[in-house]
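Residue-level structural notes
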Amino acid sequence: MADSIMSKAATMEIPINSNGDTGTLPEDDSLEQDLQQVMVSGPNLNETSIVSGGYGGPAGGIIPTSSIKGPAVRFNPEYLDRRRAPAPGPGSSNHNLSNSTEEVSRGVAVEKLDSVKKWGINTYKCTKQMFSERFGRGSRTVDLELEAQIDLLRDTKSKYENILRLATALITHFQSMVETQQALGDTFTDLSQKSPELQDEFGYNAETQKLLCKNGEALLGAISFFVSSIDTLVNKTMDDTLMTIRHYENARLEFDAYRSDMEELSLGPRDAATMVRIDMAQHDYQIHRDKFERLRSDVTIKLKFLEENKVKVMHKQLLLFHNAISAYFAGNQQQLEQTLIQFNVKLKPPGSDKPSWLEEQ
């Protein structure tokens, strides 16, 4: 079999192109398999002979391989498989990139799952504590002095909101009266020009209505400034403090929930697993206790500053409201103007609230 294969290989023609280069031989799978079989199962190359001539040459052209000194040559059949294996291309880097992206996504998903788990446990504990307090089976932490200040703030906010609502209604009604006086003054002026026999009487009334309208606009400016200041105090300053109070109340509920959980575990058996749970409960309890103490301190400080700010703002605004109302109904135009200057109240020019002709189109 070896002689037939070697003769087949010796008689194969090697094509040469016009440039003198050897052409590429087409792959012969059967020949390659036969060569593998011969190389693996055939005799050692050191014991064979090399033919120096071509096919059918004389026997004298045979050279024994034992006369050639050198290391023995062994054929490795995996060499052909490695030659056929494709080289790594750009797709491998894309595959590695996709693997790293999947790992990052998996890490984010695990973090979200942990946060949802913690939120669920915290919500369960707080809900349990809330129902226990409502039905009288659980205890709650109470700061009597702070609770009294919080209740007073909520009651004060409710009353100030009523003042704000009434003052806004006063502006609406008084604005209608000023507009009516303006229209009435224009009518008197028109009639004074068309009725010569009543020209003086219509003229006096027209001037009076215009003066009242001017003073009314000044009073509207003072009341609007009063309403704006009360609105800032109620809907911004007080709301900010109440938001901190809500955070404090939530922290108090969480603190009592983890405190109750730790007390229940402390009353149970003291085996190894329970001791681990007790240590974790004490750690969570300490975290929520620090948060509760911090927010309680924030609420105390904000309540103090709010009270000082409220007194300062209301002292100024109540004095403005009193002086403006008194000067208007007393008919003292000079005092009304001085009041506006004293409290730095700037009046809007007439017609500034009306939309422009472009906006009306």
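Model, not experiment: these values are computed from the prediction. (Residues numbered from 1 in each chain as written. Predicted model: local features only at pLDDT ≥ 70, side-chain atom pairs only at ≥ 80, totals over all residues. Heavy atoms only, no water.)

Looking at the overall build of the protein chain
Helix and strand counts for the protein chain come out as 9 helices and 2 strands. Counting from the amino terminus, helix and strand elements in the protein chain follow one another as α-α-β-β-α-α-α-α-α-α-α. By residue count, 25% of the 361 residues in the protein chain fall in the buried class. Of all intrachain contacts in the protein chain linking residues separated by at least 6 positions in sequence, the fraction that spans at least 24 positions is 75%. Counting every atom, the protein chain has about 25,900 Å² of accessible surface; 57% of that belongs to carbon and sulfur. (Helix = DSSP H or I, 4+ residues; strand = E, 2+ residues; numbered from the N terminus. Buried < 20%, exposed > 50% of the residue type's maximum accessible area, 1.4 Å probe, protein only. Contact = heavy atoms within 4.5 Å. Areas by Shrake-Rupley, 256 points an atom, 1.4 Å probe, with all protein chains shown as cover.)

Points about the packing of helix α6 (residues 199-266) against helix α8 (residues 333-342)
Where α6 meets α8, the axes come as close as 10 Å, and the angle between the chain directions of the two elements is 25°. One way to sum up the angle between α6 and α8 is to call them roughly parallel. Seen from above, α6 lies across α8 with left-handed handedness. Touching L211, K214, N215, A218, L219 and A222 of α6 are Q333, L336, E337 and L340, all from α8. Classifying every residue of the contact of α6 with α8 by side-chain character gives 6 nonpolar, 2 polar and 2 charged. (Axes fitted to C-alpha atoms, helices over the stretch in contact; angles between N-to-C directions. Parallel < 35°, antiparallel > 145°, perpendicular 65-115°, else oblique. Left-handed = near helix turned anticlockwise from the far one by under 90°. Nonpolar A, V, L, I, M, F, W, Y, C, P; charged D, E, K, R; others polar.)

What to know about a nonpolar patch on the surface
Nonpolar side chains collect at one region of the surface, where M130, F131 and F135 lie side by side and expose about 300 Å² of accessible area between them. With respect to the helices and strands, the residue F135 is situated in the loop between α4 (90-134) and α5 (144-194). (Patch = residues over 30% accessible without salt bridge, like charges linked within 9 Å, V, L, I, M, F, W, Y side chains within 5 Å. Salt bridge = Lys/Arg side-chain N within 4 Å of Asp/Glu carboxyl O.)

With respect to the confidence of the model for the protein chain
Residues at a pLDDT of 70 or more form 69% of the protein chain, whose mean pLDDT is 77. Contacts for the low-pLDDT stretch residues 43-75, under 50 throughout, to residues beyond four places or in other chains number 27 contacts. (pLDDT = per-residue confidence, 0-100.)

Regarding the packing of aromatic side chains
Under the definition given, this model contains 7 aromatic pairs. The interplanar angle of 0° and the centroid separation of 5.1 Å between the aromatic rings of F255 and F292 together place this pair among those described as stacked. Taken together, the residues span a long stretch of sequence, with F255 in helix α6 and F292 in helix α7 (residues 272-329) at a distance of 37 residues. (Phe/Tyr/Trp six-rings, centres within 6.5 Å; stacked < 30°, edge-to-face > 60°.)

Overview of α6
With 68 residues, α6 ought to run about 100 Å at 1.5 Å a step, and its terminal C-alpha atoms sit 97 Å apart, in line with that. Along α6, the sharpest kink reaches roughly 35°, centred on D239. (Expected span 1.5 Å × (residues − 1). Bend = angle between axes of the 7 residues up to and from the residue.)

Things to note about unusual backbone geometry
A positive phi angle, close to 55°, is found at N344, a residue other than glycine. Examined against the element boundaries, N344 turns out to sit in the loop between α8 and α9 (357-360). Residue N344 is classed as exposed on the basis of its relative accessible area of 54%.

Considering the packing of α6 against α7
Here α6 crosses α7 at 165°, and the two axes come no closer than 7 Å. Between α6 and α7, the interaxial angle falls into the category roughly antiparallel. When you trace α6 past α7, the crossing you get is left-handed. In the contact of α6 with α7, the residues fall into 31 nonpolar, 13 polar and 12 charged.

Quick word on α8
For α8, the full list of buried residues reads L336, T339 and L340. Buried positions in α8, seen along its axis, are confined to an arc of 95° and lie on one side of it. Exposed residues on α8 whose side chains face more than 90 degrees from its buried face are Q334, I341 and Q342. Where α8 is buried, its residues contact α6 and α7. Where α8 begins, one side-chain oxygen reaches toward the backbone nitrogen of Q334, 3.4 Å away; that side chain belongs to N332. Within two residues after α8, N344 carries a phi angle of roughly 55°, on the positive side. (Arc of directions from axis to C-beta. Polar contact = N/O pair within 3.5 Å; in protein donor to acceptor, adjacent residues only side chain to side chain.)

Quick look at the pattern of salt bridges
Counted by the stated rule, this structure contains 14 salt bridges. For E254, the salt bridge is made with K291, and the minimal N-O distance between the two is 3.6 Å. Placement of the pair is E254 in helix α6 and K291 in helix α7, with a sequence separation of 37 residues. We classify E254 as buried; its relative accessible area is 14%. Taking the shortest distance from any N to any O, the salt bridge between E293 and R296 comes out at 2.6 Å. With E293 and R296 both in helix α7, this residue pair falls 3 residues apart, about one helical turn. Residue classification places E293 among the partly exposed residues on the basis of a relative accessible area of 35%.

Some remarks on the side chain of T339
For T339, the position within the fold is in helix α8. Every residue in contact with T339, bar those within four places of it in the chain, is listed here: L320, N323 and A324.

Quick word on the environment of L340
Among the structural elements, L340 can be located in helix α8. Sequence separation between L340 and A218 is 122 residues; the distance between their C-alpha atoms is 7.8 Å. In this structure L340 touches A218, A222, V345 and L347, once residues within four positions along its chain are discounted.

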